[in-house]
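The primary structure of each chain is shown beneath.
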Amino acid sequence: MQDKVSKIEANHNSSEDLSFINAFCDPVLLISKSDETYTVNDAFLTYFNLSKKDNIDVNSYIATYSSKNSTIQIAQNDYDLFVFESELRYFGKFYSSVFNNSKNAIFFLKDNQFYHCNNHCLELFECKREDIIGKTPYDFSPMIQPGGVSARHSEYLIAQARLGNHQRFKWQHLSKKGRLFWLEVDLMPVDIEGEVFVQALTTDITDLIDKKDMLKEHIQFSETVLNSMGEALITTDNFGKIVSMNPVAEKLTGWKFELAKSQHINSVSIISDLVSMKQASFKVEEVIQKGRTVAPNATYLLSAKNGRKYSIQYNASPLIDAKGKIWGAIVVFANKEIDKEVQKALKSEHKKFNNLYKSLPESIAIYEIIRGADNRIEDYLIKDANDAYFESLKLRVGLNPKDLIGKRISQLYPDHKKAYEPHVIKALQSGEPVMLSDAITLTGKTKYVNLRFIPLSENTICVVVEDVSELKKYSTMLKHQENKINTIYNTAHNIAFVINEIRHPYKILEISPGGLEMLRLNQMEYNVSIFDFHLPENKYRVIEATDELILKKVVSNIETQLVRKDGEVFDALISLQTITLDSGEEVALGVVTDITEQKKAQRTLEELNQNLENIINERTMELKATLEELESSNIELTELNTSIALETQKLIKLNDKLSVSEQELQYANATKNRFFSIIGHDLKNPVHALILSIDILQMLHKQNDRSKTDQYLEHMKENTLRLRLTLENLLSWAQSQDGKLIAKKEEFLFSSIINDSIKIASEHVRRKNIRLTQELACNVTVSADKNMIETVVRNLLTNAIKFTNEYGQITIRTYAESDLLKCEISDTGIGMSKEELSMLFRLDSHNIKKGTNKETGSGLGLILCKEFIEKNGGTISVSSELGKGSTFSISLPIAGV
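Residues numbered from 1 in each chain as written. Predicted model: local features only at pLDDT ≥ 70, side-chain atom pairs only at ≥ 80, totals over all residues. Heavy atoms only, no water.

(A) Local environment of the overall build of the chain. Of the regular secondary structure elements, the chain holds 27 helices and 33 strands. Every one of the 897 residues in the chain was classed for burial, and the buried ones make up 38%. Of the contacts formed within the chain by residues at least 6 apart in sequence, a portion of 53% connects residues at least 24 apart. About 53,200 Å² of surface is accessible on the chain, with carbon and sulfur atoms providing 53% of the total. (Helix = DSSP H or I, 4+ residues; strand = E, 2+ residues; numbered from the N terminus. Buried < 20%, exposed > 50% of the residue type's maximum accessible area, 1.4 Å probe, protein only. Contact = heavy atoms within 4.5 Å. Areas by Shrake-Rupley, 256 points an atom, 1.4 Å probe, with all protein chains shown as cover.)

(B) Just the nonpolar core, in detail. Counting 37 residues, the largest nonpolar core has F750, I789, L796 and I890 as its most contacted members. Take this core: its biggest share by element is 8 residues, from helix α25 (residues 786–802). Discounting chain neighbours no more than four positions away, the residues touching I890 are F750, V792, L796, L821, K822, C823, I869, T875 and I876. Formed by 27 residues, the second largest nonpolar core is a distinct cluster that contains M245, A249, Y310 and F333. (Core = buried A, V, L, I, M, F, W, Y, C linked by side-chain atoms within 4.5 Å.)

(C) Highlighting the pattern of salt bridges. Throughout the structure, instances matching the rule amount to 18 salt bridges. Residue E184 pairs with R168 through a salt bridge whose shortest N-O separation is 3.3 Å. Of this pair, E184 sits in strand β8 (residues 180–192) while R168 sits in strand β7 (residues 167–174); the two residues are 16 residues apart in sequence, bridging distant segments of the chain. Between R168 and D186 there is a salt bridge, with the nearest N and O atoms lying 3.6 Å from each other. (Salt bridge = Lys/Arg side-chain N within 4 Å of Asp/Glu carboxyl O.)

(D) Geometry of the sheet that holds β7. Spatial ordering of the open sheet is given by β6-β5-β9-β8-β7, a layout of 5 strands whose pairing is antiparallel. With partners counted over all chains shown, the strands left at the sheet margins are β6 (113–117) and β7, one partner each. Averaged over all pairs of adjacent strands, the angle between strand axes in this sheet comes to 35 degrees, irrespective of strand direction. Where strand β5 (residues 105–110) and β6 come together, 4 bridges link them in antiparallel fashion. Residue pairing for β6: L109 is matched across the bridge by F114. Along the sheet, helix α8 (residues 153–162) contacts β5, β7, β8 and β9 (195–204); its crossing angle with β7, the most-contacted strand, is approximately 145 degrees. (Pairing = 2+ DSSP bridges. Axes fitted to C-alpha atoms, helices over the stretch in contact; angles between N-to-C directions.)

(E) Expanded view of the packing of α25 against helix α27 (residues 860–871). It is at 9 Å that the axes of α25 and α27 come closest, and there the two elements cross at 145 degrees. α25 and α27 meet at a crossing whose hand is left-handed. When α25 is examined against α27, the residues M788, I789, T791, V792, N795, L796 and N799 are found in contact with a partner set consisting of G861, L862, C865, F868, I869 and K871. Its residues placed into classes, the contact of α25 with α27 shows 8 nonpolar, 4 polar and 1 charged. (Left-handed = near helix turned anticlockwise from the far one by under 90°. Nonpolar A, V, L, I, M, F, W, Y, C, P; charged D, E, K, R; others polar.)

(F) Focus on the packing of aromatic side chains. For the coordinates displayed, the defined rule picks out 14 aromatic pairs. Ring centres 6.1 Å apart and planes at 70 degrees place the aromatic pair F114 and F125 in the edge-to-face group. Of the two residues, F114 is situated in strand β6 and F125 in helix α6 (residues 119–125); the sequence distance between them amounts to 11 residues. Each member of the pair, F114 together with F125, is buried. Seen from their ring centres, Y420 and F453 are 5.9 Å apart, and the 50 degrees between their planes marks the pair as tilted. (Phe/Tyr/Trp six-rings, centres within 6.5 Å; stacked < 30°, edge-to-face > 60°.)

(G) Geometry of unusual backbone geometry. With phi around 75 degrees, S262 is a residue other than glycine that occupies positive phi space. Considering the arrangement of structural elements, one finds S262 in the loop between α11 (257–260) and α12 (265–268). Take S262: its relative accessible area is 47%, and that puts it in the partly exposed class. Positive phi, close to 55 degrees, is recorded for N769, a residue that is not glycine. One can find N769 in the loop between α24 (750–767) and β28 (771–776).

(H) Structural view of the sheet that holds strand β33 (residues 885–893). The 5 strands are arranged β28-β30-β31-β33-β32 in an open sheet whose pairing can be described as mixed. Each edge of the open sheet is held by one strand with a lone partner, namely β28 and β32 (875–881). Each adjacent strand pair in this sheet contributes to an overall mean axis angle of 15 degrees, direction not counted. Note that strand β30 (residues 809–817) and strand β31 (residues 820–827) share 8 bridges and pair antiparallel. Across the sheet, E817 pairs through a bridge with L820, a residue of β31.

(I) Molecular detail of the environment of L428. Structurally, L428 is set in helix α18 (residues 414–430). Separated by 29 residues in the primary sequence, L428 and S457 have C-alpha atoms spaced 8.0 Å apart. Setting aside its immediate chain neighbours within four residues, L428 contacts I369, R371, I377, P455, S457, E458 and T460.

(J) Just the pairing of strand β29 (residues 781–784), in detail. Side chains of β29 alternate between two faces, with V782 and A784 buried and T781 and S783 left unburied. Pairing analysis gives 4 bridges linking strand β27 (residues 746–749) to β29, with the strands arranged antiparallel. The residue bridging E746 from the neighbouring strand is A784, located in β29.

(K) Looking closely at α25. The end-to-end C-alpha distance of α25, which contains 17 residues, comes to 24 Å, matching closely the 24 Å that a straight helix rising 1.5 Å per residue would cover. Within α25, 12 of the 17 residues are buried, which leaves the element mostly enclosed by the surrounding structure. For α25, the complete set of buried residues consists of M788, I789, T791, V792, V793, R794, N795, L796, L797, A800, I801 and K802. Capping the start of α25 is the job of one residue whose side-chain oxygen sits 3.1 Å from the backbone nitrogen of N787: D785. (Expected span 1.5 Å × (residues − 1). Polar contact = N/O pair within 3.5 Å; in protein donor to acceptor, adjacent residues only side chain to side chain.)

Structure follows, in structure tokens:
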């Protein structure tokens, strides 16, 4: 039989049978009835994992696998044809009757170029096979797609499809004869004999494309053109009434379209003859009635609504539809005296365009064609080019950009002139861009480029050179990555299998070589289910896992037991994941890892853990007994600690009482010292002064000196009043310390206290020439001990007078705040430092400060003020700055609030 195989294979190249059966996607077996020789197609060898050198028992395959049998005749010879049912679908080679007879255009792309296509594709593109093979979809597309997408975007879509990302989109194409048509395109990657192609399945949807969308795009395009025009454009109906205006027309006429709409054009655009200055008009009636264009060769003066005047020329044409019917007129006119700002804008736009053109990454050059006497092309002259083009030429010829302008191509690289001249001629003759791909060498390095020849005029052509070396490199890397993935898949020790349909009976479509080795299979068997490798008791567990897979799409780390082909059971870890194919069919990819050794190690570890646990339990019992002994000792220690803690608490309380007694003793000692200080100093000095004054008065009386006698009597009165105030304060303070001073609250007007205090101090205020002002914002009744409050106000006012210089100022201010009366006594006196402020209201400090006229005091006044205010439910505070005066503030509850 092996000899028969060799004989048939030897005839494959010269007979029709092999090419015929290779058109089938399913495995095919062809047996000759005359000599019983046979041949198989590539799908048969792939599906059954065979090579051409293997011995094939054809009767075994016919008996084992399901097939359809028929008799056919090829070249007058009879054959038995067996077509086996297969779930594998792939393209062996492109030549199949289904492919060529499809009503859809189908083509394959390799490196972005057409590699193969069917007959319907040639019909759509209106070209021969040699006109399309080797070209790119970019060559059969308008440069800009409707909606503004560049035709270059097709290269991105193809690259995405090659990566496995299914692409579906609508695309406008341009046939060889210039016909525009729409295709709905599906791009997907196809692996053919180890090489990745991009397959395109297309449907002609030219007649189905949404007319509204097309109309909208045309309207948007028309509006863009109108808004971008540099001339004014106005359209009218058959009566000369305005239908539309572009922005330039609005600017020149001074009319907004909303106001000009439906008005006659000659009432909006008032023009006069620039020579005779007689009023003229746009002759739209003549245009509409006679259907001809009017373009007067004259200049007119346009008077805008805002008073500005423009020098214009105009032309008017009939607005005609496809059927020849006149719908109105189109009037176009331009300002012949362009404003400076318009010129500036045009220069700016030109500069922007020039910068963009110069900075494009593609090399772009414009050549002037030099022709001979017979109109044949002799050479090309460089007129202009962008930076990228100059840079590429500089690398090749070593010239600077300024030296390249005006150079002939024959001087720079004559080989390119000869190679590309046919394409230049073709572009000039057709008036359409011509593109080709080529490899060029720059400074010893080969680069792959796309060249595009774009005719600009009869003697001018634009050449665009796009470097696609990186794209070529990317395609090569992509193929390398795919080969790497295939290598990993084929050499992995884990099982990788694919479940064809995620439902019962869960048939396996494919198993990797590593999986075959793990399951001890020689080859992938037909019609295998995942149940064939599971123990019967695990059947329901498998169904649960696949059901979970349908819901979650991924199921990981399922521990189970599998059975090898020889019956050996092993532990396995399974992970499943769903994958959606380009056809929309959902399959499951599974990975199985043999964890038999890990499970053995785990069981050994569990035994060791059990032994360790037993040892720990024994040691725990021993420790428990020891702990019980320690616990008994701890109880005795706890009782002893409790006894010590009680004694300690007693000592702490005794110590606290001693500390309180010590503080009280210190305070009493300070009070005693303060008392004796006042007796010894603040009372002794005024008494001595009185005795001295009496002696002087006796002497003056004998001398009968009346004026000096009155003066010393006044001094005696002041000293007596001061002494009385000191005695009153001392008495009040003593009663306070003895607990006999109790606040007897009553309701009274606070303003009366202020008035009484001012009367008492008025003489002292007058002598120091102090200006005393009152700002009484409220006149309310307070609830307090009136005598105490009188003492407080009198002391605070006396202090303010005492520490205020002559011609100073004292201000008494009252106001209500919530349920309290606020009183502030401010002076412009000598003020206090922060250190002095900290010693106020303290009995243990004796920092008595003398007044501006050397007035003295006991220091008890402020202490009494604080105690009296607090006894009446109020507060007292002070703010002061050295050299800027002081402000004392008190607050008292308002009666009845």
